[in-house]
Amino acid sequence: MNQIVDAIRKSPRLQRLLWKGKFGLEIERLRVDSEGKLALTPHPPGLGNKSEHPYITTDFSESQLEMISPPLDSIDEAHGFIKTLHNVVRGELAPGELLWPQSMPPILPPDDQIPLARLDGDARGGTAYRQYLSETYGRARQTISGGHFNLSFLPEFFEVLATETDLPIEELKERVYLKIVRFCLRRKVSSISRHRSKRMSGKTRSPAGRLSKVELSAASPLPRFRFGTIRSRSLRQCGKICT
């Protein structure tokens, strides 16, 4: 990795390319009613066919909206795109429905009453996959929602880097993306540890010595990241940890 870092430090062109790339965001939100309970209504018809729409679809549950930006040239553009989608979605919700802002789910019905996403056409197989997840892990767990940040460097960055280091492009991709994955994991673990330490100091506990359900539900899951193509098995495993 030192060889790659040295090459970037010595090349003004690589330094410019380092800050360019393609950026995307994916945001999941649950629909709820005015009482904070999971909405059991179908996907809003005004948002189009969720099986075919490129930007607005459902994730695991029929009640779990997913808003997706295309790959864009800057984080600001991706953020602006998601904000626009968010406004469109809010305008098409059924009367009295809202988007739940937390990662942890709202008041849920019994597990077997949480509706699976109903897909059609070429995406019909996705319903069967969701049924498999339901039977394997339970439905409530799958309603935990969050955001995905997608990042890839420009092909030119790796082409120039390959010239400067005499390393194959595919090997460079794996090294660079794995380094970023490791950095994110270290930052996440450090951040979560500090957060939990602060929450535990002065925290009251239940009689059983455990955090209460309210305290547990207030904890947010780890943020999720996706990076450019990762080829080797070990890197794919690291990618799964970050996604």
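Residues numbered from 1 in each chain as written. Predicted model: local features only at pLDDT ≥ 70, side-chain atom pairs only at ≥ 80, totals over all residues. Heavy atoms only, no water.

Colleague: Let's hear about the overall build of the protein: which residues, and what values?
Modeller: In terms of helices and strands, the protein carries nine helices and six strands. Long-range pairs, those at least 24 residues apart, make up 70% of the contacts in the protein between residues at least 6 apart in sequence. When the accessible surface of the protein is summed, it comes to about 14600 Å², and 54% of that surface belongs to carbon and sulfur atoms. (Helix = DSSP H or I, 4+ residues; strand = E, 2+ residues; numbered from the N terminus. Contact = heavy atoms within 4.5 Å. Areas by Shrake-Rupley, 256 points an atom, 1.4 Å probe, with all protein chains shown as cover.)

Colleague: Explain the environment of Arg 124 residue by residue, including any values.
Modeller: Tracing the chain through its elements places Arg 124 in the loop between strand E4 (98-99) and helix H4 (125-137). According to the relative accessible area criterion, Arg 124 is exposed, its value standing at 54%. Arg 124 sits 73 residues away from Ser 51 along the chain, and the two C-alpha atoms are 8.1 Å apart. (Buried < 20%, exposed > 50% of the residue type's maximum accessible area, 1.4 Å probe, protein only.)

Colleague: Describe the packing of aromatic side chains, with residues and values.
Modeller: Per the stated rule, a full pass over the model turns up eight aromatic pairs. With a centroid separation of 5.0 Å and an interplanar angle of 70°, the aromatic rings of Tyr 55 and Phe 81 are classed as edge-to-face. Here Tyr 55 is found in the loop between strand E1 (21-32) and strand E2 (56-58), whereas its partner Phe 81 is found in helix H3 (residues 75-92), with 26 residues between them in sequence. Pairing Phe 153 with Phe 157 gives two aromatic rings, centres 4.9 Å apart and planes at 25°, and the pair type is stacked. With relative accessibility at 13%, the residue Phe 153 sits in the buried group. For Phe 157, a relative accessible area of 1% puts it in the buried group. Among the aromatic residues, ring-to-ring pairing joins Phe 153, Phe 157, Phe 158 and Tyr 177 into one connected group. (Phe/Tyr/Trp six-rings, centres within 6.5 Å; stacked < 30°, edge-to-face > 60°.)

Colleague: Can you tell me about the pairing of E1, naming the residues and giving the values?
Modeller: Among the 12 residues that make up E1, 10 are buried, leaving the element largely enclosed by the rest of the structure. Relative to strand E3 (residues 64-68), E1 is paired through five bridges, and the arrangement is antiparallel. The residue of E3 that forms the bridge with Ile 27 is Met 67. Sheet analysis places E1 next to E4, joined by two bridges and oriented antiparallel. Each residue of the ladder has a partner; that of Arg 31, found in E4, is Leu 99. (Pairing = 2+ DSSP bridges.)

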